[in-house]
Amino acid sequence: MEIQEKLGILSGAARYDASCASSGCGREGSAVRVGNTSQGGICHSWSDDGRCVSLLKILLSNDCRYDCAYCVNRSSNPVPRASFTAREVVDLTMEFYRRNYIEGLFLSSAVMKGPDQTMEEMVRVAEMLREEEKFGGYIHLKVIPGSSPELVRRAGLAADRISVNIELPSGESLQRLAPQKRRESILEPMRLIGTEIGSSLVERTLSRKAPRFAPAGQSTQMIIGASPETDLQILRLSQGLYRKMNLKRVYYSAFVPVNDDNRLPVLAAPPLLREHRLYQADWLLRFYNFSAEEILSDDAPDLDESFDPKTAWALRHPECFPVEVNRADYHTLLRVPGIGPTSAKRIVAARRFASITPEGLKKIGVVMKRAKYFVTCSGRPFEKEVREPLRLRQRLLLGEPAPEPRQLVLFS
Amino acid sequence: MTRYLYDGTAEGLVSAIAQLLDSGTDPMLATLAEREDTLFEEGLFLRTDSDAVEALFSKLKQRAPDAVNAIRYCLMGDAGGLGTSLLRYVALALVHGDRINGHLTDDDVKAVVTMARKAGRELHRMKGLLRFEQMRDGAYLARMEPDHDVIQPLARHFSRRLRAQRWFIVDLRRQSAASWDGSALQFGTLEQFSRPELSDEEVAVQEMWRTFFRTIAIPERRNPKLQKSNMPAKYWKYLTEKQGE
Ligand code: SF4
């Protein structure tokens with residue numbers, strides 16, 4: 001098979017995987033090295049669906065033994081199959097990198113003969129890039145559930161980031177939709193990676209020469225809307241992964257139906273709005289000091305479609321507002337809808353010179369459309385006391401673009 | 001209000017600022033603009049003095065290192081209309097140090113910081129969007145027409161990243177060029193330019209990249225508007241993946 005044809009099959013097969021992160025790790029180019037990775041993360045292009053392209057994201061193979069309900073590549077689907085050799089992937093990565101198409105490689109794979117045989121081949125790609133090609137760009141490897149600890153370790157030493165997909169938000173759903181994968185064979189490598197990353201960091205404080213283990217950290221990904229879990233369950237899971245397994249990122253991927261299967265829900269469209277709200281809530285977990293239980297509760301276990309989770313929280317907590325922008329500390333400012341970390345920092349910096357005026361707030365970049373209901377400026381409110389929750393909801397809604405039509409979810 | 005003029009170059013602008021501040025001119029009572037060789041233009045012309053530029057930068061580096069960066073970035077932009085703001089910004093930076101960048105409620109500071117941010121954003125964008133093409137002799141060439149004069153920091157970025165290959169970057173809007181021979185970086189101007197022929201391998205690799213680009217998009221999620229807002233059409237001219245669409 002021509003390499004061009006393989007590339008078409010194996011990048012098409014990888015596209016349903018949400019992750020364009022190549023940030024979080026700086027690696028300087030040395031004299032012999034080809035390439036470096038940038039701290040901020042660089043997008044090299046945006047594909048026709050508007051997503052950032054920064055990595056050569058492909059599968060090593062789509063020739064799968066397993067039969068997961070939600071996956072195009074499952075063994076029972078009659079799709080064209082292809083597998084790259086390790087050398088082919090190495091060459092493609094180098095040619096693309098030299099032309100500045102990409103930051104590096106994101107390699108995943110279907111399960112070929114078995115987890116270890118597949119993982120071994122993937123690790124070989126990363127090792128060839130580092131050792132033979134002296135490649136200093138970014139490498140992200142997906143760990144195949146059930147791979148042996150030794151291979152996971154080698155993967156971590158060659159790659160910048162490794163990740164194990166948690167796939168679905170609960171063990172029961174995994175059992176139902178991906179019966180050949182066990183929850184434990186996913187959590188075990190995750191735990192191992194977490195520990196290795198931790199001890200590599202410790203060793204490196206003692207010696208700069210100690211090897212780096214997945215310096216850009218560990219991430220995972222789950223499919224949203226293929227199984228019945230609530231947003232609260234999902235956020236609790238993410239919170240646990242951040243706190244206990246030390247994960248850098250959890251990616252949420254709206255379920256795109258590609259198979260007919262009576263274990264799967266029938267969706268009118270992929271739940272994109274829900275995915276978007278989950279990312280916003282996840283952001284609150286990581287950067288705003290919110291907990292899952294503050295964002296949602298057992299009575300209201302799903303994210304509001306009309307409001308972003310921070311505004312929704314503010315509406316439920318009128319007792320915390322209004323916030324005085326000239327006095328409130330950084331963390332209090334952060335909780336105001338329309339004020340993000342950047343503008344909160346700018347407010348704190350600007351008021352050292354003089355009290356901030358309403359004009360000043362706009363210049364700083366605060367989204368006044370939203371913030372005006374929740375702040376005062378040197379004691380003066382912006383809106384004539386619209387503090388009554390129901391009316392406030394209305395006002396905010398009128399000022400917001402209409403939410404996308406509700407997506408129909410029917411479990412069969 | 002006194003009107004001062006400089007020669008229109010970035011160096012001339014900084015030199016004029018240095019001279020005005022040295023002479024004790026009150027920046028709030030002065031305006032600074034580019035000379036437009038009209039016969040009866042009003043204003044005092046300040047000659048470019050590179051020593052004054054260096055002296056000002058070294059003073060600023062000590063007192064406000066971040067402000068130096070903001071000025072550099074601002075100068076990569078079309079700083080022509082910003083002479084007066086830049087003058088006042090520098091005066092404030094010398095007094096307040098780097099805290100000045102937080103003083104966004106001041107119009108002059110805001111104008112300078114905004115311009116610097118825009119230029120910085122384009123520089124960052126070009127780090128991703130620049131495309132190198134292999135020519136028949138094995139060296140690589142990248143063409144661009146950015147809004148801001150980003151070639152110097154951009155070339156420095158690639159001298160760290162693509163250090164094992166020979167390459168050129170040309171800015172066809174400003175007729176300037178950078179080259180890397182595997183060990184040293186050089187800058188120069190272009191007299192004339194015609195694009196050399198591509199290597200055979202290049203043609204094949206470009207075809208593969210287009211295949212990859214086409215197949216990674218999720219058809220159910222097509223979103224040309226989002227694509228355009230992230231990657232404005234003005235950059236498509238030299239994007240390999242946007243050729244022959
Ligand atoms: S293991 Fe499951 S999800 Fe992965 S490629 Fe095979 S069928 Fe798809």
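If you're wondering where the values come from, they're calculated on a predicted model, not measured in any experiment.

To continue, consider the overall build of chain A. Regarding its fold elements, chain A presents 15 helices and 13 strands. For chain A, buried positions account for 58% of its 412 residues. When contacts within chain A are restricted to residue pairs at least 6 apart in sequence, long-range pairs at least 24 apart make up 67% of them. Total accessible area on chain A stands at roughly 17300 Å², and carbon and sulfur atoms take up 53% of it.

For chain B, the count of helices and strands is eight helices and eight strands. Seen through its C-alpha atoms, chain B measures out along the principal axes to roughly 65 × 45 × 40 Å. Every one of the 245 residues in chain B was classed for burial, and the buried ones make up 49%. Excluding contacts between residues fewer than 6 apart, the proportion of contacts in chain B whose partners are at least 24 apart in sequence is 68%. For chain B, the accessible surface area stands at approximately 12200 Å², while carbon and sulfur atoms represent 48% of it. Taken as two groups, the 35 positive and 35 negative side-chain charges of chain B have centres that lie 7 Å from each other.

Here we take up the nonpolar core. Counting residues in hydrophobic clusters, the biggest one holds 149 residues, and the most contacted among them are Phe96 of chain A together with Ile169 of chain B. One finds Leu82, Val90, Ile100 and Met115 of chain B within the second-largest nonpolar core, a separate group that totals 37 residues.

How big an interface is tends to be stated in terms of accessible area lost as the parts join. All names here are of chain A. The domain architecture assigned to chain A consists of domain 1 (3-290) and domain 2 (309-398). Computed from C-alpha coordinates alone, the two centres of domain 1 and domain 2 are separated by 38 Å. Domain 1 puts eight residues into the contact, and the matching count from domain 2 is nine residues. Taking both sides of the interface into account, the surface hidden between domain 1 and domain 2 amounts to around 700 Å²; carbon and sulfur atoms contribute 71%.

Our focus in this paragraph is the interface of chain B and chain A. If you look at the interface, chain B gives 56 residues, while chain A gives 55 residues. When the two sides are added together, the surface that chain B and chain A hide from each other amounts to roughly 4900 Å², 57% of it contributed by carbon and sulfur. Our count for the contact surface shared by chain B and chain A stands at five salt bridges. Our enumeration of links across chain B and chain A arrives at 22 residue pairs in polar contact (both at pLDDT 80 or more). Every element with two or more residues in the side of chain B that touches chain A is listed here: helix H5 (107-129), strand S4 (132-134), helix H6 (151-161), helix H7 (200-216) and helix H8 (224-230) of chain B. Ranked by residue count, the leading element in the side of chain B that touches chain A is H7 of chain B, at twelve residues. In terms of residue class, the side of chain B that touches chain A is made up of 22 nonpolar, 16 polar and 18 charged.

Okay, the sheet that holds strand S11 (residues 375-377) of chain A next. A sheet is described by the order of its strands in space; here three strands give the open sequence S10-S11-S12 (chain A), paired in mixed fashion. Two strands lie at the open edges of the sheet, namely strand S10 (323-324) and strand S12 (380-381) of chain A, each paired on one side alone.

It is worth spelling out the layout of surface pockets at this point. All names here are of chain B. A volume near 570 Å³ is recorded for the second largest pocket. The wall of the second largest pocket is formed by 20 residues, among which Arg72, Met76, Asp149, Gln152 and Pro153 lie closest to the centre. Mapped onto the lining of the second largest pocket, the elements with two or more residues apiece are helix H1 (10-22), helix H2 (50-63), helix H3 (65-76), H6, strand S7 (176-180) and strand S8 (185-189). The greatest single-element share of the lining of the second largest pocket, amounting to five residues, is contributed by H3. Residues from two domains meet in the lining of the second largest pocket; each of domain 1 (2-121) and domain 2 (130-242) gives at least three.

Moving on to the packing of helix H2 (residues 86-98) of chain A against H7 of chain B. The interhelical angle for the contact between H2 of chain A and H7 of chain B, taken along N-to-C directions, is 100°, at an axis separation of 11 Å. Considering their axes alone, H2 of chain A and H7 of chain B lie roughly perpendicular with respect to each other. Contact residues: Leu92, Glu95 and Phe96 of chain A in H2 of chain A; Glu201, Val205, Met208, Trp209 and Phe212 of chain B in H7 of chain B. In terms of residue class, the contact of H2 of chain A with H7 of chain B is built from six nonpolar, no polar and two charged.

With that out of the way, let us pick up the site of the ligand. If you check the shell around the ligand, you find Cys64, Tyr66, Cys68, Cys71, Arg74, Ala110, Val111 and Lys181 of chain A and nothing else. By residue class, the composition of the shell around the ligand is six nonpolar, no polar and two charged.

On to the pattern of salt bridges, then. Residues and elements named next belong to chain A. Taken as a whole and judged by the stated rule, the model has 39 salt bridges over all chains. Note that Glu120 and Arg154 form a salt bridge whose closest N and O atoms lie 3.5 Å from each other. Here Arg154 lies in helix H4 (residues 149-158) and Glu120 lies in helix H3 (residues 115-131), a separation of 34 residues in the sequence. A cluster of three or more residues bridged by salt bridges with shared partners is formed by Arg87, Asp91, Glu132 and Glu133.

As a further point, take the state of the cysteines. All names here are of chain A. If you walk through the whole model with that rule in mind, you get one disulfide over all chains. Paired by a disulfide, Cys43 and Cys52 hold their sulfur atoms 2.2 Å apart. Of note, the bridge from Cys43 to Cys52 carries an S-S torsion of about -105° and is left-handed in sense. No disulfide involves Cys377; its sulfur sits 20 Å from that of Cys320, the nearest cysteine.

A few words now on a nonpolar patch on the surface. All names here are of chain B. A contiguous nonpolar patch, built from Met1, Met28 and Leu29 and spanning about 360 Å² of accessible area, is present on the exposed surface. On the secondary structure map, Met1 appears in the segment before strand S1 (2-6). On the basis of relative accessibility, which here comes to 69%, the residue Met1 falls in the exposed class.

Time to look at unusual backbone geometry. In terms of backbone geometry, most residues other than glycine have negative phi values and most peptide bonds are trans. Residue and element names in this part refer to chain A. Residue Pro322 is bonded to the preceding Phe321 through a cis peptide linkage, with omega at 0°. Relative to the elements of secondary structure, Pro322 occurs in the loop between helix H10 (309-316) and S10. Of note, Ala214 is a non-glycine position whose phi angle comes to about 35°, a positive value. Along the chain, Ala214 turns up in the loop between helix H6 (183-206) and strand S7 (217-224). Within the chain, Asn289 stands out as a residue other than glycine whose phi angle is a positive 60°. With respect to the helices, strands and loops of the structure, Asn289 is situated in the loop between helix H8 (272-287) and helix H9 (292-295).

A cluster of basic residues, Lys61, Arg72, Arg156 and Arg160 of chain B, forms a positive patch at the surface. Within the element layout of this structure, Lys61 of chain B appears in helix H2.

Side-chain positions along a regular strand alternate between the two faces of the sheet. Residues and elements named next belong to chain B. Here five bridges tie S1 to strand S2 (residues 30-34), and the two strands are oriented parallel to one another. By the bridge assignment, Arg3 is partnered in S2 with Thr31. Following the backbone out of S1, through H1 and into the adjacent parallel S2, one traces a crossover that is right-handed. Pairing geometry for S1 and strand S3 (residues 44-45), over two bridges, is parallel. Paired with Tyr4 across the bridge in S3 is Leu44.

The rules we used
- Residues numbered from 1 in each chain as written.
- Chains lettered and ligands numbered in written order.
- Predicted model: local features only at pLDDT ≥ 70, side-chain atom pairs only at ≥ 80, totals over all residues.
- Heavy atoms only, no water.
- Helix = DSSP H or I, 4+ residues; strand = E, 2+ residues; numbered from the N terminus.
- Buried < 20%, exposed > 50% of the residue type's maximum accessible area, 1.4 Å probe, protein only.
- Contact = heavy atoms within 4.5 Å.
- Areas by Shrake-Rupley, 256 points an atom, 1.4 Å probe, with all protein chains shown as cover.
- Lys, Arg positive; Asp, Glu negative; His and termini not counted.
- Charge placed at Lys NZ, Arg CZ, Asp CG, Glu CD.
- Core = buried A, V, L, I, M, F, W, Y, C linked by side-chain atoms within 4.5 Å.
- Domains from an automatic or database assignment.
- Buried area = accessible area lost by both parts, 1.4 Å probe.
- Salt bridge = Lys/Arg side-chain N within 4 Å of Asp/Glu carboxyl O.
- Polar contact = N/O pair within 3.5 Å; in protein donor to acceptor, adjacent residues only side chain to side chain.
- Nonpolar A, V, L, I, M, F, W, Y, C, P; charged D, E, K, R; others polar.
- Pairing = 2+ DSSP bridges.
- 1 Å grid on protein atoms, 1.4 Å probe; cavity = no way out; pocket = protein on both sides within 12 Å on 5 of 7 lines; lining within 4 Å.
- Points joined across faces, edges and corners; volume = space filled by probe spheres on them.
- Axes fitted to C-alpha atoms, helices over the stretch in contact; angles between N-to-C directions.
- Parallel < 35°, antiparallel > 145°, perpendicular 65-115°, else oblique.
- Near = heavy atom within 4 Å.
- Disulfide = S-S within 2.5 Å.
- Patch = residues over 30% accessible without salt bridge, like charges linked within 9 Å, V, L, I, M, F, W, Y side chains within 5 Å.
- Right-handed = clockwise from strand over helix to strand, strands pointing away.

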